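Structure at a glance
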Amino acid sequence: MVKKERIGIPRPSSQFLSGTCVKCGTENVFYSNSTEPVKCKQCGEILAHNTGGKIEYTDSLAAEVKRLDYT
Ligand SMILES: [Zn+2]
């Protein structure tokens, strides 16, 4: 068995998320650690604020946020 002992890049606990804008119903895909406010691609409504770490959802984002798995 090969040992993996590389000092790698620290893995941030970030992920891609998918959430719906409550204003126009458009589904938006965004990053959980976005460095910019997340805006609806359709109507420009701010769906989440950037906080320097994990984003903070606003009321304009539907309660149910899906995690998108990626490799
Ligand atoms: Zn919208």
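To continue, consider the pattern of salt bridges. Inspection of the entire model under this criterion finds two salt bridges. Salt-bridge contacts for glutamate 45 lead to lysine 23; the nearest nitrogen and oxygen are separated by 3.8 Å. Residue glutamate 45 is located in the loop between strand 3 (38-39) and strand 4 (46-49), and its partner lysine 23 is located in the loop between strand 1 (16-21) and strand 2 (27-31); the two are separated by 22 residues in the primary sequence. For glutamate 45, a relative accessible area of 24% puts it in the partly exposed group.

What follows deals with the side chain of asparagine 28. Position of asparagine 28 among the secondary structure elements: in strand 2. For asparagine 28, the contacting residues outside a window of four places in its chain are Leu17, Ser18, Gly19, Cys21, Lys39, Cys40, Lys41 and Leu47.

Time to look at the sheet that holds strand 6 (residues 61-68). Spatially, the three strands line up as an open sheet ordered 2-1-6, and their pairing is antiparallel. The sheet is open, and its two edges are formed by strand 2 and strand 6, each paired on a single side. Across this sheet, the average inter-strand angle for adjacent strands is 30°, counted without regard to direction. Inspection of the sheet shows strand 1 paired to strand 2 by five bridges, in the antiparallel sense. Looking across to strand 2, one finds that threonine 20 is bridged to glutamate 27.

Tetrahedral coordination by four donors sets the ideal angle at the metal to 109.5 degrees; octahedral coordination by six donors sets it to 90 or 180 degrees. Donor atoms from the polypeptide that bind the zinc ion are Cys21 (SG), Cys24 (SG), Cys40 (SG) and Cys43 (SG), placed at 2.3 Å. Note that the zinc ion binds four donor atoms; their angles at the metal cover 102 to 115°, and the shape is tetrahedral. When the donor residues of the zinc ion are listed from N- to C-terminus, their spacing reads C-x2-C-x15-C-x2-C. A residue is classified by how much of its surface remains accessible, and cysteine 43, at 41% relative accessible area, is partly exposed.

Cut-offs used in this document
- Residues numbered from 1 in each chain as written.
- Predicted model: local features only at pLDDT ≥ 70, side-chain atom pairs only at ≥ 80, totals over all residues.
- Heavy atoms only, no water.
- Salt bridge = Lys/Arg side-chain N within 4 Å of Asp/Glu carboxyl O.
- Helix = DSSP H or I, 4+ residues; strand = E, 2+ residues; numbered from the N terminus.
- Buried < 20%, exposed > 50% of the residue type's maximum accessible area, 1.4 Å probe, protein only.
- Contact = heavy atoms within 4.5 Å.
- Pairing = 2+ DSSP bridges.
- Axes fitted to C-alpha atoms, helices over the stretch in contact; angles between N-to-C directions.
- Donors = N, O, S within 2.8 Å, 3.2 Å for Na, K, Ca; no water.
- Tetrahedral: all angles 85-135°; square planar, octahedral: opposite > 155°, others 65-115°.

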